[in-house]
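Secondary and tertiary structure notes
Given next are the chains, with one letter for each unit.
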Amino acid sequence: MDSIDPARRSVTRYTRVAQTLHWIIAALIVLNIAAALVANSEDDATATAIMTKHLAIGLTVLALSVVRLAWRLTHRPPPFAPTVKPWERALAHFVHWSFYAIIIGLPLLGLAAHSAFSGGKPVSYFGLFKIPAFPMAANRDNGEFWGELHGTVAWTAVGLLVVHVAGALKHHWFDRDGELWRMIPRGESDLSA
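So, here is what we can say about the structure in this document. In this text, all values refer to a predicted model and were calculated from it rather than measured experimentally.

The next subject is helix 2 (residues 44–74). Between its terminal C-alpha atoms helix 2 stretches 44 Å, which fits the 45 Å expected from 31 residues at 1.5 Å a residue. Where helix 2 begins, one side-chain oxygen reaches toward the backbone nitrogen of Ala 45, 3.1 Å away; that side chain belongs to Asp 43.

Turning to the nonpolar core, a few remarks are in order. By size, the foremost hydrophobic cluster in this structure holds nine residues: Val 95, Phe 99, Ile 102, Leu 106, Leu 109, Val 153, Ala 154, Ala 157 and Leu 160. Looking at this core, the elements that each hand over two or more residues are helix 3 (86–118) and helix 4 (140–175). At five residues, the largest contribution of residues to this core is made by helix 3. Non-local contacts of Val 153, meaning those with residues more than four positions away in its chain, are made with Ile 102, Leu 106 and Leu 109. If you look at the next biggest cluster of nonpolar residues, it comprises seven residues, including Leu 21, Ile 25, Val 61 and Ile 103.

Because each turn of an α-helix spans 3.6 residues, side chains separated by three or four positions in sequence point in the same direction. Compared with an ideal rise of 1.5 Å per residue, which puts 24 residues at 34 Å, helix 1 (residues 16–39) spans 34 Å between its outermost C-alpha atoms and is within 8% of the ideal. Among the residues making up helix 1, those that are buried are Ala 18, Gln 19, Leu 21, Ile 25, Leu 28, Asn 32, Ala 35 and Ala 39. Where helix 1 is buried, its residues touch helix 2 and helix 3.

A few words on the packing of helix 3 against helix 4. Running from N to C, helix 3 and helix 4 point in directions that differ by 155°, and their axes come no closer than 8 Å. Comparing the axis directions of helix 3 and helix 4 gives the class roughly antiparallel. Classified by chirality, the crossing of helix 4 by helix 3 is left-handed. Its residues assigned to classes, the contact of helix 3 with helix 4 shows 19 nonpolar, ten polar and five charged.

For the rest of this paragraph, the subject is the packing of helix 2 against helix 3. Their axes nearest at 9 Å, the elements helix 2 and helix 3 cross at an angle of 150°. The angle between helix 2 and helix 3 places the two elements in the roughly antiparallel class. Relative to helix 3, the crossing made by helix 2 is left-handed. Within the contact between the two elements, helix 2 uses Leu 55, Gly 58, Leu 59, Val 61, Leu 62, Ser 65, Arg 68, Leu 69, Arg 72 and Leu 73 and helix 3 uses Trp 97, Tyr 100, Ile 103, Ile 104, Pro 107, Leu 108, Gly 110, Leu 111 and His 114. A breakdown of the residues in the contact of helix 2 with helix 3 according to their chemical character gives 13 nonpolar, four polar and two charged.

Another aspect to go through is unusual backbone geometry. Even without being glycine, Phe 126 reaches a positive phi, approximately 50°. Take Phe 126: it is sitting in the loop between strand 1 (123–125) and strand 2 (129–131). Overall, Phe 126 belongs to the partly exposed group, its relative accessible area being 42%.

Further remarks concern the packing of aromatic side chains. Overall, the coordinates contain four aromatic pairs when judged by the stated rule. Considering the side-chain rings of Trp 97 and Tyr 100, the 5.1 Å spacing of their centres and the 45° angle between planes classify their relative orientation as tilted. In this pair, Trp 97 and Tyr 100 both sit in helix 3, three residues apart, roughly one turn of the helix. Look at Trp 97 and you get partly exposed, because its relative accessible area is 37%. Under the relative-accessibility criterion, Tyr 100 is labelled buried at 10%. Geometrically, the ring pair formed by Phe 145 and Trp 146 is edge-to-face, given 5.0 Å between the ring centres and 70° between the ring planes. Residue Trp 146 is classed as partly exposed on the basis of its relative accessible area, which comes to 26%.

Definitions and limits used
Residues numbered from 1 in each chain as written. Predicted model: local features only at pLDDT ≥ 70, side-chain atom pairs only at ≥ 80, totals over all residues. Heavy atoms only, no water. Helix = DSSP H or I, 4+ residues; strand = E, 2+ residues; numbered from the N terminus. Expected span 1.5 Å × (residues − 1). Polar contact = N/O pair within 3.5 Å; in protein donor to acceptor, adjacent residues only side chain to side chain. Core = buried A, V, L, I, M, F, W, Y, C linked by side-chain atoms within 4.5 Å. Buried < 20%, exposed > 50% of the residue type's maximum accessible area, 1.4 Å probe, protein only. Contact = heavy atoms within 4.5 Å. Axes fitted to C-alpha atoms, helices over the stretch in contact; angles between N-to-C directions. Parallel < 35°, antiparallel > 145°, perpendicular 65-115°, else oblique. Left-handed = near helix turned anticlockwise from the far one by under 90°. Nonpolar A, V, L, I, M, F, W, Y, C, P; charged D, E, K, R; others polar. Phe/Tyr/Trp six-rings, centres within 6.5 Å; stacked < 30°, edge-to-face > 60°.

In short, geometric facts, not functional conclusions.
Here it is in structure tokens:
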């Protein structure tokens, strides 16, 4: 790979806590999207088993996302490289804050769908304990509404992910400004830890 242009080495990095939360949440969201897609093609018993884990993973994403948002609000992110254009900064801020809304809202929408379908039955957290659902009467129409909204927001997250990754790769391969290393653990050794 090409190294970063030495004149552009003013990039500082996110904290290790922010990096860890970022990558764990990202991996869990990708896993959960894959699980939902797989469940759609399975028999009812298998789909139910997959979706039970899907719910537990979603609640994990919710908890980690609240921690991530609290961390972000109390720890200033590193500045952009000086070469990042104003429109790129604006787009990055829009994508990042949209992701915060999604990573918190998406699990809540999933829990709302579960609550409406189940009549407010608690969610099993990997068989370890139960997490309360929203107090709702069982209503298939409401469950389908919340489920469709949950799916729409999930596909919106996929679209934002494409924009996010494309931007990171543009900065890495075309601009060569080091922006990608802000969130990569153990990036280029001479960038700040």
